[in-house]
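# Coordinate inspection notes
Chain residues, written in single-letter form:
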Amino acid sequence: MAEPEKLDTLQAVELAEGIEIRLRMAGPMLRAGAYAIDFLIRGLVLAVGGTAVAFAGIAIGGNVAGGMMLLAWFLMDWLYPVFFEAGKRGATPGKRAMGLRVVQATGSPITLGQAVVRNFLRFIDGMPFFTYCFGLTSCLATRRFQRLGDLAAGTVVIYDRIPKPPMVSPPPPIVAVPPPVGLTVNETRALALFRERAGLWSDGRRAEIADQAAALSGATGAEGVNRLMAMAHWLQQKRGGL
Amino acid sequence: MTAGDFEHRNEARWAEYERLIGLMERGKAGAEAEQLPRLFRELSLDLSLAESRMYGASVTERLNELVIRGYELIYRTRRGTWENAVSFVAVKFPQAVRREWRLFWLCNGVFWLPFFAMMLSAEHDIRWIQAVLGADGMAGMEQMYGGREEQLSHLRSEYGSNFMMFCFYIYNNVAIDFRIFAGGMAAGVGTLFFLLFNGLHIGAAAGYANHACNPESFWSFVAGHSSFELLGMVVSGMAGMRLGLAILRPGRLPRVRALTEAGRQALPLIYGAALMTTLAAVVEGFWSAQGIPSDWKYLAGIFGWVVHITYFLLAGRRSGHAA
């Protein structure tokens, strides 16, 4: 059987240290929000700077003032995101506000070159007519939400800090029962997660999810939930004793 | 050992690590930064233990975040130094251009063939030029280069107008280079389009100036910055085509890998193109429109072309093949 499709946006990356870290990819909505904030900041800088330069123009001459505006426009258009993303935080102010950052697909910070490539290609991602249709299509077509610039630079946009999931203590285990068959690592993890998250769900939802594993528990409804919980308890207890 | 025991036993170490990376992220750590690799390895081990023993999401999430933060500190790349900048200009950029010599000739062809076709049409059939420039374009050309003597230097006599035009050329021409590069992402079509379009338009303008305006006032203006600007455009076209070819003909690599690889190879080209076009803006802003005898300006123009040809042919030859 083929590996089932993943439902969440976590991507595991293996490091040279022999461990896996999990990066949570950021989707198009958040990134659009970050872009909107950056757009406002850029507009504000140009407006405030423009007013200041216009007043200074009385002293330095209208031509010089006009030239400075063009230069500022160029810098804001092309180099604003490069400057911030190649910097220490790996994020433009807008991305920081949305809790995002840009990293290499391997999880390490991006280089200046990667910042240049991904942001210059924004021109194509924004097509047609700055609607970002190309970028959005590419985001939705790739596993890691990469727009075309990200693909060429080998970068991804991730959550800077993974938001803490709401923790509700799971229902206390009653008994520990070993699973009837040997489980793979992923299956074991699914059981453990089921137990951890069970506190968040209503009884009906728990039963609905537990029914998916009826083949393992051999029961449906509340009884299935109980059996899965018992197995999860056994697995974690057992592991802890190693 | 339960999750709680595990957390309790290692808590002090994790707190120390967290304090240290907190300091380093703000750039405030001193000698204690030496501890980071050891602490990082220990934390990595803790994470893999917590994962395999399934201590639950709260522990692994926390360790995962701490490991990521440390990883980013350890693998931070060093920023460019002046030495890098010098070696880029002296060695890496001309080497990159020579390595892509096929693209160099391709992009030159796409630009210069329409350019000379338009120049020729000025002699044989002016309607081609009229169609490309349009009424406004022709009127603009006549306004700038139409008179007996040079008009541009009069336009530039106002205080600050040189600086203003310099900024305009940065704003306009460097951005055109960047768009030519980005156009490569559309399988090279955008790059080819911009090169062809500029070839047609610049050729038509030159042909029209030759035919209907005062040729001396046109050629003496463009001579000085022509080599920087036009070759800069061609080089940014090479960068764009590098991307475009990775999409069209990825070779043995998967297409996305080929694209990433091409992005890396295109970088020196786009940096170089931006540098050349910036220099062109300096020349165009502060030299080309000055009231200097035309012969000097032609000489400067020829000098620019000779320098560029020698530079791309010879610079960085001795330094072997740097990656």
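Residues numbered from 1 in each chain as written. Chains lettered and ligands numbered in written order. Predicted model: local features only at pLDDT ≥ 70, side-chain atom pairs only at ≥ 80, totals over all residues.

## Brief notes about the interface of chain A and chain B
- Opposite the 45 residues of chain A that make contact, chain B presents 50 residues.
- Counting only elements with at least two residues in the side of chain A that touches chain B, the list comes to strand S2 (20-24), helix H2 (62-85), helix H4 (112-120), helix H5 (122-125), helix H7 (148-153), helix H8 (185-197) and helix H11 (221-241) of chain A.
- Of all the elements, H2 of chain A adds the most residues to the side of chain A that touches chain B, at 10 residues.
- Its residues assigned to classes, the side of chain A that touches chain B comprises 27 nonpolar, 12 polar and 6 charged. (Contact = placed C-beta atoms within 7 Å. Helix = DSSP H or I, 4+ residues; strand = E, 2+ residues; numbered from the N terminus. Nonpolar A, V, L, I, M, F, W, Y, C, P; charged D, E, K, R; others polar.)

## A few points about helix H4 (residues 82-99) of chain B
All names here are of chain B.
- Between its terminal C-alpha atoms H4 stretches 24 Å, which fits the 26 Å expected from 18 residues at 1.5 Å a residue.
- Its maximal kink placed at Phe88, H4 deviates by approximately 55 degrees.
- Among all positions in H4, only Lys92, Phe93, Pro94, Gln95, Ala96 and Val97 are buried.
- If you follow the buried residues of H4, they end up packed against helix H5 (101-124), helix H10 (215-248), helix H11 (255-286) and helix H12 (294-314). (Expected span 1.5 Å × (residues − 1). Bend = angle between axes of the 7 residues up to and from the residue. Buried ≥ 20, exposed ≤ 12 C-beta atoms within 10 Å, placed from the backbone.)

## As for the domain arrangement of chain A
- For chain A, the assigned domains read domain 1 (23-159) and domain 2 (166-235).
- Taking only C-alpha atoms, the centre of domain 1 of chain A and the centre of domain 2 of chain A are 45 Å apart. (Domains from an automatic or database assignment.)

## A few points about the domain arrangement of chain B
- We note that the domain assignment places domain 1 (3-74) and domain 2 (83-314) within chain B.
- The centre of domain 1 of chain B, based on its C-alpha atoms, is set 53 Å off from the matching centre of domain 2 of chain B.

## Describing the packing of H5 of chain B against helix H6 (residues 127-145) of chain B
All names here are of chain B.
- Interaxial distance between H5 and H6 falls to 7 Å at its minimum, and their mutual angle equals 125 degrees. Taken together, the axes of H5 and H6 lie oblique to each other. Between H5, through Met118, Ser121 and Ala122, and H6, the contact on the second element is made entirely by Trp128, Ile129 and Val132.
- Among the residues making up the contact of H5 with H6, the classes are represented as 5 nonpolar, 1 polar and no charged. (Axes fitted to C-alpha atoms, helices over the stretch in contact; angles between N-to-C directions. Parallel < 35°, antiparallel > 145°, perpendicular 65-115°, else oblique.)

## Digging into unusual backbone geometry
Residues and elements named next belong to chain A.
- Between Met127 and Pro128 the backbone carries a cis peptide bond, its omega angle lying at -15 degrees.
- Position of Pro128 relative to the elements: it lies in the loop between H5 and helix H6 (133-141).
- With a phi close to 55 degrees, Phe129 is a non-glycine residue in the positive phi region.
- By the element assignment, Phe129 lies in the loop between H5 and H6.
- Note on Phe129: 7 C-beta atoms within 10 Å, which makes it exposed.
- Phi angles above zero are rare outside glycine, and Phe145 is one such case at about 55 degrees.
- Considering the arrangement of structural elements, one finds Phe145 in the loop between H6 and H7.

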